[in-house]
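# Remarks on the overall topology
Below are the chains, spelled out letter by letter.
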Amino acid sequence: MSVEPQHQHTWPQPPPGGYTADDLDRLPDLPPHTELIDGSPVFMSPPTKFHMRVMRLLENALLSTATADMEVVREMTIVLEERQRPEPDVMVVRVDADTGLGQTFYRPEDVILAVEVVSEDSEARDRETKPGKYAKAGIQHFWRVESDNGRPVVYVYERDPATGAYVPTGIHHNRLKLSVPFTIDIDLTKVARP
């Protein structure tokens, strides 16, 4: 009886100092939704149903309320620095930042709002690492969405120009009603519906 050889995937070796934002567009065979944090590729786990429903709810609600000079995008990266290219779950960006259908990233100055839906494998990145990097890069508005027994809770932050850090402006359980960065009114209870 012969033993079939097992296929082994060989991962690329990072260069000294880590990968750069440009490398994400050139590295072969990267899994979908690979981010770059501190020069290291971060691979996303498959999303949960909660994660998918929250992203769909937010994307649809933001699409219906964003102004004509804004576009809502999902799962695209932001080049923050040479070795930083995170991928928020949902973003609101300026329409004039569109470079065509081959576009793979945005710049921080293009981003009006970045949203992270926290998953079990991304808690530290979504709660600490990425918000700090977004604020440092000058992104004015950030939302973090957590699950409270399958119900979304949205933590809303705005960048303080004096400190360059995010400050909390509200915690929203059933309804997300805001006047900045534009008028928003989202029924968060729709996520839990079957």
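Values in this document were obtained by computation on a predicted structure and should not be read as measured data.

### Some thoughts on helix α2 (residues 123-137)
With 15 residues, α2 extends 21 Å between its outermost C-alpha atoms, agreeing within 8% with the 21 Å of an ideal straight helix rising 1.5 Å per residue. The principal kink in α2, of about 35°, is found at Lys130, preceding the proline Pro131 by one to four residues. Here α2 has its buried residues at Arg125, Asp126, Lys130, Pro131, Tyr134 and Ala135. Following α2 by one or two positions, Gly138 adopts a phi angle in the positive range, close to 100°.

### Observations regarding the layout of surface pockets
Taken as a whole, the largest pocket encloses approximately 400 Å³ of empty space. Elements with a minimum of two residues in the lining of the largest pocket: α1 (49-65), β7 (111-117) and α2. Here the second largest pocket defines a volume of roughly 150 Å³. Leu24, Thr34, Thr77, Arg85 and Glu87 are, among the 13 residues lining the second largest pocket, the residues nearest its centre. In terms of residue class, the lining of the second largest pocket is built from 5 nonpolar, 4 polar and 4 charged.

### Considering the pattern of salt bridges
Tallied over the entire structure, the rule returns 15 salt bridges. When the shortest N-O distance is used, the salt bridge between Asp25 and Arg85 registers 3.1 Å. You can see Asp25 sitting in the segment before β1 (35-37) and its partner Arg85 sitting in the loop between β4 (77-78) and β5 (90-94), a full 60 residues away along the chain. The exposure class of Arg85 is buried, given its relative accessible area of 2%. Measuring nitrogen to oxygen at the nearest pair gives 2.9 Å for the salt bridge that ties Glu116 to Lys130. Of the two residues, Glu116 sits in strand β7 while Lys130 sits in helix α2, which places them 14 residues apart along the sequence. Of the two residues, Glu116 and Lys130, both sit in the buried class. Here the residues in one salt-bridge network are Glu35, Glu116, Arg125, Asp126 and Lys130, joined through shared partners.

What counts and what doesn't
- Residues numbered from 1 in each chain as written.
- Predicted model: local features only at pLDDT ≥ 70, side-chain atom pairs only at ≥ 80, totals over all residues.
- Heavy atoms only, no water.
- Helix = DSSP H or I, 4+ residues; strand = E, 2+ residues; numbered from the N terminus.
- Expected span 1.5 Å × (residues − 1).
- Bend = angle between axes of the 7 residues up to and from the residue.
- Buried < 20%, exposed > 50% of the residue type's maximum accessible area, 1.4 Å probe, protein only.
- 1 Å grid on protein atoms, 1.4 Å probe; cavity = no way out; pocket = protein on both sides within 12 Å on 5 of 7 lines; lining within 4 Å.
- Points joined across faces, edges and corners; volume = space filled by probe spheres on them.
- Nonpolar A, V, L, I, M, F, W, Y, C, P; charged D, E, K, R; others polar.
- Salt bridge = Lys/Arg side-chain N within 4 Å of Asp/Glu carboxyl O.

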